[in-house]
Amino acid sequence: PHGDTDMICALGTGVEVIETTWLREMAAQLARPGVGLVGARLERFDGTITMGPLVVASDGTRLAPLDGLDRFDDGYFGRPWLVHSVAALAPGCLLIRRSVLEEVGGSDPNLDDLWRVVDLSLRVRGRGYRVVWTPSARLGVGPAWAGPPAARHAPAHLLERYARLLSHDPAYSPNLSLAEGRAFT
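Here is a short report on the structure shown in this document. What you see is a predicted model; the values in this text were computed from it and never measured. (Residues numbered from 1 in each chain as written. Predicted model: local features only at pLDDT ≥ 70, side-chain atom pairs only at ≥ 80, totals over all residues. Heavy atoms only, no water.)

Given 3.6 residues to a turn, an α-helix orients residues that are three or four positions apart in the same direction. All buried positions along helix 1 (residues 22-30) are accounted for by Trp22, Glu25, Met26, Gln29 and Leu30. Taken down its axis, helix 1 places every buried residue within 135° of arc, on the same side. Packing partners of the buried residues in helix 1 comprise strand 1 (7-11), strand 2 (15-17), strand 3 (35-44), strand 9 (93-97) and strand 10 (130-141). (Buried < 20%, exposed > 50% of the residue type's maximum accessible area, 1.4 Å probe, protein only. Helix = DSSP H or I, 4+ residues; strand = E, 2+ residues; numbered from the N terminus. Arc of directions from axis to C-beta. Contact = heavy atoms within 4.5 Å.)

Shown next, in the form of structure tokens:
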């Protein structure tokens with residue numbers, strides 16, 4: 001029966017399958033010890049990556065360092081092709097263990113979609129689980145997919161709640177740039 005699984009998938013409206021093995025890949029990542037939340041690679045149909053892993057600086061600046069990269073671009077040290085731990089994920093496609101979701105108490109329903117997923121990611125990390133992004137779970141979004149809003153700064157209460165976590169992003173060094181279009185340089 002479908003209700004017996006410990007995994008919950010949140011799939012956004014307008015998200016379409018590119019790789020048929022996307023769910024198997026995400027489930028395999030979630031089955032790894034210590035992983036609590038997994039995000040998929042979303043690609044626009046023009047051949048560019050959209051959103052993906054997010055960097056949220058300690059001042060609240062939000063950046064999607066892979067956004068706009070050509071799907072074949074190697075990016076910074078092959079990052080668009082590597083499974084890696086991240087501070088936060090963007091909405092679109094997430095897989096989480098039911099037990100982890102219950103443990104963290106969900107996310108703040110008063111936030112918009114993007115910051116709600118950031119909040120969930122940080123709650124999961126705050127409980128000691130890893131948040132992982134996998135490029136092997138490829139899904140597509142067409143022009144009708146609006147994606148998350150353009151808000152570039154976290155709400156103040158999120159900054160206060162997660163100051164410690166935001167100062168230790170597992171996927172980003174403070175020695176690298178957060179400048180738009182120059183991330184990870």
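Let us look at a negative patch on the surface. Together, Asp46, Asp70, Asp73 and Asp74 line one region of the surface with negative charge. As for its position among the elements, Asp70 is in the loop between strand 6 (62-63) and strand 7 (84-85). For Asp70, a relative accessible area of 38% gives the class partly exposed. (Patch = residues over 30% accessible without salt bridge, like charges linked within 9 Å, V, L, I, M, F, W, Y side chains within 5 Å. Areas by Shrake-Rupley, 256 points an atom, 1.4 Å probe, with all protein chains shown as cover. Salt bridge = Lys/Arg side-chain N within 4 Å of Asp/Glu carboxyl O. Lys, Arg positive; Asp, Glu negative; His and termini not counted. Charge placed at Lys NZ, Arg CZ, Asp CG, Glu CD.)

Quick look at the sheet that holds strand 5 (residues 53-56) now. The strand order 6-5-8 describes an open sheet built from 3 strands, whose pairing is antiparallel. Both outer strands of the open sheet, strand 6 and strand 8 (88-89), are each paired with one neighbouring strand and no more. Relative to strand 6, strand 5 runs antiparallel, the two sharing 2 bridges. Bridge assignment links Val56 to a residue of strand 6, and that residue is Arg62. (Pairing = 2+ DSSP bridges.)

Right, let's get into the pairing of strand 3. For strand 3, a buried count of 9 out of 10 residues is recorded, marking the element as mostly surrounded by other parts of the structure. In terms of strand pairing, strand 3 meets strand 10 through 9 bridges, oriented parallel. Along strand 10, the bridge assignment pairs Arg41 with Arg138. As judged from the 3 bridges shared by strand 3 and strand 9, these two strands associate in the antiparallel manner. Counted as the bridge partner of Gly39 is Leu94 from strand 9. Two elements, strand 3 and strand 4 (residues 49-50), share 2 bridges in a ladder whose sense is antiparallel.

Position of Leu159 relative to the elements: it lies in helix 4 (residues 156-161). What Leu159 contacts, discounting residues up to four positions off in sequence, is Ala57, Ser58, Asp59, Gly60, Ala154 and Leu166.

On to the pairing of strand 5. Of the two faces of strand 5, the one carrying Pro53 and Val55 and the one carrying Leu54 and Val56 are both buried. Here strand 5 runs beside strand 8; their pairing, made up of 2 bridges, is antiparallel. From the neighbouring strand, Leu54 faces strand 8, where its bridge partner is Ala88.

Glancing now at the pattern of salt bridges. Counted under the stated rule, the structure contains 9 salt bridges. Between Glu43 and Arg41 there is a salt bridge whose closest N-O contact spans 2.9 Å. An identical accessibility class is assigned to Glu43 and Arg41; each is buried. The residue Asp113 makes a salt bridge to Arg116 at a minimum N-O spacing of 3.0 Å. With Asp113 and Arg116 both in helix 3 (residues 113-126), this residue pair falls 3 residues apart, about one helical turn.

So far we have only geometry, and geometry alone does not tell us how the molecule works.
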